[in-house]
Amino acid sequence: MTEPRLLIVADAHIGGAPAESEAALLEFLDAAPGMGSALLILGDLFEFWFAYSRVIPRRGFRVAASLAKLARVMPVSMVGGNHDRWGKAFWSEDAGVSYGRRELELRVGRRRLLALHGDGITERPGRSSWTHRIVGHPLTSAAFGLLHPNLGFGLVDRLSFLLSRRQSLAERERYAAGQRRWAESRLAGDPAIDVLVMGHSHMPALTEPAPGRFYLNPGAWLDEGSYAIVTEDTIELCRFTPAAPPPHPTAAPR
Ligand SMILES: [Mn+2]
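Let us look at the structure shown here. Predicted model only: the values in this text are computed from it and were never measured.

Surrounding the manganese ion are the protein donor atoms D44 (OD), N82 (OD1), H117 (NE2) and H200 (ND1), at 2.0 to 2.3 Å. Positions of the donor residues of the manganese ion along the chain correspond to the pattern D-x37-N-x34-H-x82-H. One end of the pair, D44, is in the loop between β2 (38-41) and α2 (61-70); the other, H200, is in the loop between β7 (195-198) and β8 (205-210), with 156 residues separating them in the sequence. Here H200 falls in the buried class, since its relative accessible area comes to 14%.

Looking now at the pattern of salt bridges. Evaluated as defined, the whole model comprises 9 salt bridges. Across the pair E22 and R62 runs a salt bridge, and its minimum N-O distance is 2.9 Å. Pair noted here: E22 is in helix α1 (residues 19-35) and R62 is in helix α2, with a separation of 40 residues, a long-range link. Residue classification places R62 among the exposed positions, given a relative accessible area of 51%. A salt bridge links D190 to R186, with the nearest nitrogen and oxygen atoms 3.6 Å apart. On the basis of relative accessibility, which here comes to 22%, the residue D190 falls in the partly exposed class. Sharing partners across several salt bridges, the network here consists of R110, E232 and D233.

Its place among the elements puts F50 in the loop between β2 and α2. In this structure, the C-alpha to C-alpha distance between F50 and G87, residues 37 residues apart in sequence, is 6.1 Å.

On to α2, then. Looking at α2, one finds that the buried residues are V63, A64, S66, L67 and L70. Buried residues of α2 fall within an arc of 160° about the axis and therefore sit on the same side. Those residues of α2 that are exposed and angled more than 90 degrees off the buried face are R62 and K69. Structurally, α2 contributes buried residues whose contacts are with α1, β2, β3 (76-79) and α3 (90-94).

Let us look at the packing of aromatic side chains. Going through the model one piece at a time under the given rule, you end up with 16 aromatic pairs. Ring geometry for F48 versus F144: centroids 5.7 Å apart, planes at 90°, classification edge-to-face. With F48 in the loop between β2 and α2 and F144 in helix α5 (residues 138-146), this pair connects stretches of sequence that are 96 residues apart. Here F48 and F144 have matching classes, each one buried.

Analysis parameters
Residues numbered from 1 in each chain as written. Predicted model: local features only at pLDDT ≥ 70, side-chain atom pairs only at ≥ 80, totals over all residues. Heavy atoms only, no water. Donors = N, O, S within 2.8 Å, 3.2 Å for Na, K, Ca; no water. Helix = DSSP H or I, 4+ residues; strand = E, 2+ residues; numbered from the N terminus. Buried < 20%, exposed > 50% of the residue type's maximum accessible area, 1.4 Å probe, protein only. Salt bridge = Lys/Arg side-chain N within 4 Å of Asp/Glu carboxyl O. Arc of directions from axis to C-beta. Contact = heavy atoms within 4.5 Å. Phe/Tyr/Trp six-rings, centres within 6.5 Å; stacked < 30°, edge-to-face > 60°.

Right, dumping it as structure tokens:
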């Protein structure tokens, strides 16, 4: 493939998502070399990820292995999200993925992209996500790393159940509108960016606040395989349709 073609996936929340959503992502990653020339993961790939020095989280194993395999045939980059920012050197050293905790600059041909997950920007103070409250501070993070992984992950499961609150569609739309306004003013103030890409709100968006300059949110993979493709000349919001599952075997005639 000669034309640069960047595939962008955000907010898959693997480990908290339904099994079909993970199966579809694995199928997408297998198909990625035929669909694009590079892949960007835009944060919250996992419901929770923590890089211990010697252990990797079991629930993320299949997707992490698939990304490491993909990174051998095409460039894969990843920005951390509020659920999985504790990747340390695992992604770059073990998986061959270019990793930015908060943001990454990328090029798609002549287009310059700035990719960030989007948390901590338009939230009101005190409403940052529960994962940040748990391991956001370097000291808490260091202490968390000393807990037995079963204990640490069990704690996160229980706290997320207590602290997460379903947002109404109106709340999500209000949040997404705030995110778009922030993105558009960031674009206006930074002429070095052609495309600003953000996830986190789970709301797909594509606007062109100035000619040839774009704000893009690919939406959440978790929501029916939403993703985006950026080339030098085009930006597309897409949905991945997995191959039909094999039909149930019919009962043998009696
Ligand atoms: Mn997020």
